[in-house]
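As a plain string of letters, each chain reads:
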Amino acid sequence: MAVSGVLRPGFVQLRVLDMEKALWHYQTIIGLKIVSTGDDGRVYLRAFDEFDRHSVVLRPSDSAGIDCTGFKCDGEAFLLGAEKALEQRGVKTEWVAAGEQPGMGTRLRVHMPTGHLLDFYADAELSEFAPMTRNPHVFREPPAGAGAIRFDHCLLYGTNVAGAFEILHDVFGFELSEHLEDPTGQPLAIFLTASNKAHDIAFVEHPEPGKFHHASFLVEDWAAIGHAADLMAVYDVPVDIGPTRHGITRGKTIYFWDPSGNRNEVFAGGYTFYPDQPKRSWEFEQAGPAVFYYEKKLNETFLPVVT
């Protein structure tokens, strides 16, 4: 399918309590590389197979969680059209100035009804260590840690998930690939894609706005998930659950926490989505296998623990 408008997830900015411990974790366990450190203390990182300058921003803070996440788009005209459509809907927006993150152009910031900030932008500086494009090797240097290929998606908890869907579908062209219903049959969790991935972002209905469940990083395959689990065992990284598999998206996964309490995921696989396909849905009574397909039940921490 031709991808236009929103192209893909671009970056996530997370709050961390101890930068030294966070950098050890995101480098040694996930396998990211430091790009630069800003005067304000923010540190910029990227995965080995990403073309843009950075995809993860860590900001020192006294509380964990997410500041914002961003999506790369195909041009300024698309952003201006989205701004106008959002204004007509009464959705609050603002422009984040170019250079607020180094190497990043202006960003259209959308205040979502879930309490989250989503940024949409068209311009980002290419990394000097981007993947090779002429007679390319599979990598410039061997991947570290779990071998994260790219930042893949976020799962966010907040109020008015239905309103978030309307904005992302009607204005930005996201499609609903899959959802989990609450006991009344209404969407409790929605999985949205701007591409043919199983999901590029997901939301869960929650009484508190602006909460963060996890940031996910793509790895190559099931063996890479196992290697990540080995690293976590060696270094005593706290694991939420896994290695296991989702019913929703069919992805292979392991969930774990960074030293600040932000949940991370390394993820492989997942089905290919096309917009003409019937949408997949799960009844609330089947939430166990929907989330953890092998265990067929939820653990005590996965749904309720957020930052």
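Anyway, here's the lowdown on the structure attached to this text. Keep in mind it's a predicted model, so treat the numbers as computed, not measured.

### So, helix α4 (residues 222-234)
Part 1 of the argument: Taking 1.5 Å as the rise per residue, α4 with 13 residues should run 18 Å; its terminal C-alpha atoms sit 19 Å apart, in good agreement.
Part 2 of the argument: Buried within α4 we find A224, I225, A228, A229, L231 and M232. Take α4 and look down its axis: the buried residues cluster within an arc of 160°, on one side only. Those residues of α4 that are exposed and aimed more than 90 degrees away from the buried face are A223, A233 and V234.
Part 3 of the argument: Structurally, α4 contributes buried residues whose contacts are with α1 (19-29), β14 (239-245), β15 (251-257) and β16 (263-269).
Part 4 of the argument: One or two positions beyond α4, positive phi appears at D236, with a value near 55°.

### Here's the deal with the sheet that holds strand β6 (residues 93-96)
The strands making up a sheet are joined through hydrogen bonds of the backbone, oriented either antiparallel or parallel.
Part 1 of the argument: Within the open sheet, the eight strands sit side by side as β2-β3-β4-β1-β5-β8-β7-β6. Their pairing is mixed. The outermost strands of the open sheet, each flanked by one partner alone, are β2 (33-37) and β6. Within the sheet, the average angular offset between the axes of one strand and its neighbour, ignoring direction, is 25°.
Part 2 of the argument: The pairing of strand β5 (residues 65-73) with strand β8 (residues 117-121) spans four bridges and is parallel.

### Re the layout of surface pockets
Part 1 of the argument: Space inside the largest pocket adds up to approximately 360 Å³.
Part 2 of the argument: Around the largest pocket, the lining comprises 24 residues; the ones closest to its centre are K33, R46, F48, F129 and E141.
Part 3 of the argument: Looking at the lining of the largest pocket, its residues break down into 13 nonpolar, four polar and seven charged.
Part 4 of the argument: Put simply, the second largest pocket is a space of about 260 Å³.
Part 5 of the argument: Taken together, 15 residues form the lining of the second largest pocket, with R8, P9, D49, E50 and R150 sitting closest to its centre.
Part 6 of the argument: Among the elements of the structure, β1 (6-16) and β9 (150-158) are those that each provide at least two residues to the lining of the second largest pocket.
Part 7 of the argument: Looking at the lining of the second largest pocket, the element that brings in the most residues is β1, giving three residues.
Part 8 of the argument: Residues of the lining of the second largest pocket, tallied by class, amount to four nonpolar, three polar and eight charged.

### Observations concerning the sheet that holds strand β12 (residues 201-205)
Part 1 of the argument: If you walk across this open sheet you meet the nine strands as β14-β15-β16-β13-β9-β12-β11-β10-β17, and the pairing is mixed. Looking at the sheet topology across the chains shown, the edges are occupied by β14 and β17 (280-282). Recorded for the sheet is a direction-independent mean angle of 20° between the axes of neighbouring strands.
Part 2 of the argument: As paired strands, β14 and β15 are joined by four bridges and run antiparallel to one another. From the neighbouring strand, R245 faces β15, where its bridge partner is K252.
Part 3 of the argument: In the packing of α1 onto the sheet, the strands contacted are β13 (211-218), β15 and β16, and the crossing angle to β15 comes to about 155°.

### Description of the state of the cysteines
Part 1 of the argument: Summed over the entire model, instances satisfying the criterion amount to zero disulfides.
Part 2 of the argument: Residue C68 stays outside any disulfide, its sulfur separated by 9.8 Å from that of C154, the closest cysteine.
Part 3 of the argument: Here C73 is not disulfide-linked; the sulfur of C68 is the nearest cysteine sulfur, at 14 Å.

### Some words on helix α3 (residues 161-170)
The periodicity of an α-helix, 3.6 residues per turn, causes residues three or four positions apart to be oriented the same way.
Part 1 of the argument: Buried within α3 are the following residues: V161, G163, A164, I167 and L168. Along the long axis of α3, the arc covered by the buried residues comes to 160°, so they all point the same way.
Part 2 of the argument: Looking at the packing, one finds that the buried side of α3 touches α2 (76-89), β8, β9, β11 (187-193) and β12.

### Some details on the nonpolar core
Part 1 of the argument: In terms of nonpolar packing, the biggest core is built from 62 residues, with L58, F120, L168, F172, F174, F203 and F217 touching the most fellow members.
Part 2 of the argument: In terms of residue count, α4 provides more of this core than any other element does, six residues in total.
Part 3 of the argument: Excluding its chain neighbours within four sequence positions, the residues that come into contact with F203 are T114, H116, L118, L155, L156, V161, A164, L168, L188, A189, I190 and L192.

### Here's the deal with the side chain of S260
Part 1 of the argument: Inspection of the secondary structure puts S260 in the loop between β15 and β16.
Part 2 of the argument: One polar contact links the side chain of S260 to the main-chain amide nitrogen of L17, over a distance of 2.8 Å.
Part 3 of the argument: The residues touching S260, leaving out its near neighbours within four places in the chain, are R15, V16, L17, D18 and A64.

### A few points about the environment of G105
Part 1 of the argument: In this structure, G105 sits in the loop between β6 and β7 (107-111).
Part 2 of the argument: With 41 residues separating them along the chain, G105 and A146 place their C-alpha atoms 30 Å apart.
Part 3 of the argument: The residues touching G105, leaving out its near neighbours within four places in the chain, are V96, A97, A98 and D123.

The rules behind these values
- Residues numbered from 1 in each chain as written.
- Predicted model: local features only at pLDDT ≥ 70, side-chain atom pairs only at ≥ 80, totals over all residues.
- Heavy atoms only, no water.
- Helix = DSSP H or I, 4+ residues; strand = E, 2+ residues; numbered from the N terminus.
- Expected span 1.5 Å × (residues − 1).
- Buried < 20%, exposed > 50% of the residue type's maximum accessible area, 1.4 Å probe, protein only.
- Arc of directions from axis to C-beta.
- Contact = heavy atoms within 4.5 Å.
- Pairing = 2+ DSSP bridges.
- Axes fitted to C-alpha atoms, helices over the stretch in contact; angles between N-to-C directions.
- 1 Å grid on protein atoms, 1.4 Å probe; cavity = no way out; pocket = protein on both sides within 12 Å on 5 of 7 lines; lining within 4 Å.
- Points joined across faces, edges and corners; volume = space filled by probe spheres on them.
- Nonpolar A, V, L, I, M, F, W, Y, C, P; charged D, E, K, R; others polar.
- Disulfide = S-S within 2.5 Å.
- Core = buried A, V, L, I, M, F, W, Y, C linked by side-chain atoms within 4.5 Å.
- Polar contact = N/O pair within 3.5 Å; in protein donor to acceptor, adjacent residues only side chain to side chain.

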